[in-house]
Amino acid sequence: MTMLVWAPQAWAETLTGKVVRVTDGDTITLLVDGRRQYKIRLGEIDAPEGGQPFGRAAKRMLSDLVFGRTIRARVTDIDRYGRAVAVLTVDGTNINAQMVKGGGAWAYRRYLSDQRYIRWEEEARQARRGLWRLQADQIMAPWDWRAAKRRGGPAPLTTAPQSVAMQSAGQPGRQCGTKRVCRQMGSCEEALHFLNSCQVRSLDGDGDGVPCEKLCR
């Protein structure tokens, strides 16, 4: 029977094993020696939460990089949930860095020890990679998202009644109507309205927060 080993036992170790689960854009489960499991939080970075725009896309990005692969995890800390905090490498490639460079995560400034992550984040932002392709009012750092939820405030960003583009154009709020597919949309602006105001999730098939990508890319 596979045994889950809590992270404190992994302190100050470099673990080598197979990634058997990707929980989200910055958390994995590593199977070592075919029997011991470690839950690992990627250090230096913070990926969008599952309920945020690009949250599911960030999970897929990390999964594409590591799921089913043999990796090395250099443990640097233990977080308050008992998870090992680690830098992952696959064939010498820093996976934590790749998540930031690809626009799948922020540099986690509160716990940052390697300042290069800030530069990599800015390069991804300038190149509009990953989450940086989202409309401006959908981009929120995960730590701000979590803080807003803890305060019990309104759901951040994704439930905004109108897109910024619509408001700046001085257009009245549209009705939701019966449109449900991208071929019915006349513009990216209209697709954004139906996704964000009317919650027509079918317009965002890959869950990255960008509807009807032929219109909005």
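Here we look at the nonpolar core
At step 1: Core analysis: the largest hydrophobic core is formed by 40 residues, its most contacted members being I28, I40, V66 and L88.
At step 2: The contacts of I40, once residues within four sequence positions are left out, are L15, D26, T27, I28, L30, A73, A84, A86 and L88.
At step 3: M185, A191, F194 and L203 belong to the second-largest nonpolar core, a separate cluster that totals 7 residues.

Structural notes on helix 4 (residues 142–150)
At step 1: By the burial criterion, the buried members of helix 4 are P142, W145, A147 and A148.
At step 2: Lining the buried residues of helix 4 we find strand 5 (45–46) and strand 9 (106–107).

Focus: the packing of aromatic side chains
At step 1: In total, this model carries 5 aromatic pairs according to the counting rule given.
At step 2: Taking 6.5 Å as the distance between ring centres and 75° as the angle between the ring planes, the aromatic pair formed by W106 and W143 counts as edge-to-face. Of the two residues, W106 sits in strand 9 while W143 sits in helix 4, which places them 37 residues apart along the sequence.
At step 3: On the numbers, 5.0 Å between centres and 70° between planes, the contact of Y117 with W120 is edge-to-face. Of the two residues, Y117 and W120 are both situated in helix 3 (residues 116–127); the distance of 3 residues between them amounts to about one turn of the helix. For the residue pair Y117 and W120, the accessibility class agrees, reading buried in each case.
At step 4: Members of the aromatic cluster, each reached through a chain of ring pairs, are W106, Y108, Y111, W132 and W143.
At step 5: Above the plane of the ring of W120 lies K101, whose end atom (NZ or CZ) is 4.5 Å from the centre.

Regarding the confidence of the model for the protein chain
Keep in mind that low pLDDT regions are not for reading the predicted coordinates in detail.
At step 1: Here the protein chain averages 84 in pLDDT, and 81% of its residues register 70 or above.
At step 2: This model gives residues 157–173 a pLDDT under 50, and the stretch forms 35 contacts once residues within four places in sequence are excluded.

Considerations on the pairing of strand 4 (residues 36–42)
At step 1: Here 6 bridges tie strand 3 (residues 27–32) to strand 4, and the two strands are oriented antiparallel to one another. Bridge pairing in strand 4 places T29 opposite K39.
At step 2: When strand 4 meets strand 7 (residues 84–90), the two strands line up parallel, connected through 3 bridges. Looking at the pairing, L42 lines up with A86 of strand 7.

A few points about the pattern of salt bridges
At step 1: All told, the structure shown has 12 salt bridges when counted by the stated rule.
At step 2: Here R146 makes a salt bridge to D46, at a shortest N to O gap of 2.7 Å. Of this pair, R146 sits in helix 4 while D46 is found in strand 5, placing the two residues 100 residues apart along the sequence.
At step 3: The exposure class of R146 is partly exposed, given its relative accessible area of 22%.

Some remarks on a positive patch on the surface
At step 1: There is a patch of like positive charges on the surface, built from R80, R110, R150 and R151.
At step 2: Within the secondary structure layout, R110 lies in the loop between strand 9 and helix 3.
At step 3: By relative accessible area, R110 is classed as exposed at 68%.

What to know about the side chain of R41
At step 1: Examined against the element boundaries, R41 turns out to sit in strand 4.
At step 2: Within the structure, R41 has its side chain in polar contact with the side chain of D46 (distance 3.1 Å).
At step 3: If we skip the residues at most four places from it in the chain, R41 touches D26, T27, D46, D79, R83, A84, V85, A86 and Y108.

Details of the pairing of strand 6 (residues 70–78)
At step 1: Of the strand pairs in this sheet, strand 2 (residues 14–24) and strand 6 are connected by 5 bridges, and their pairing is antiparallel. Within strand 6, the residue paired with T14 across the bridge is R74.
At step 2: Bridge analysis of strand 6 against strand 7 gives 6 bridges, and the strand direction is antiparallel. Along strand 7, the bridge assignment pairs D77 with V85.
At step 3: Connecting strand 6 to the next strand, strand 7, in antiparallel fashion are 5 residues, including G82 with a positive phi near 85°.

A short note on the environment of S63
At step 1: Looking at where S63 falls in the secondary structure, it is placed in helix 1 (residues 55–66).
At step 2: A relative accessible area of 24% means that S63 is categorised as partly exposed.
At step 3: Residues S63 and D24, spaced 39 residues apart in sequence, show a C-alpha to C-alpha distance of 8.5 Å.

Conventions adopted
Residues numbered from 1 in each chain as written. Predicted model: local features only at pLDDT ≥ 70, side-chain atom pairs only at ≥ 80, totals over all residues. Heavy atoms only, no water. Core = buried A, V, L, I, M, F, W, Y, C linked by side-chain atoms within 4.5 Å. Buried < 20%, exposed > 50% of the residue type's maximum accessible area, 1.4 Å probe, protein only. Contact = heavy atoms within 4.5 Å. Helix = DSSP H or I, 4+ residues; strand = E, 2+ residues; numbered from the N terminus. Phe/Tyr/Trp six-rings, centres within 6.5 Å; stacked < 30°, edge-to-face > 60°. Lys NZ or Arg CZ within 6 Å of the ring centre and 35° of its normal. pLDDT = per-residue confidence, 0-100. Pairing = 2+ DSSP bridges. Salt bridge = Lys/Arg side-chain N within 4 Å of Asp/Glu carboxyl O. Patch = residues over 30% accessible without salt bridge, like charges linked within 9 Å, V, L, I, M, F, W, Y side chains within 5 Å. Areas by Shrake-Rupley, 256 points an atom, 1.4 Å probe, with all protein chains shown as cover. Lys, Arg positive; Asp, Glu negative; His and termini not counted. Charge placed at Lys NZ, Arg CZ, Asp CG, Glu CD. Polar contact = N/O pair within 3.5 Å; in protein donor to acceptor, adjacent residues only side chain to side chain.

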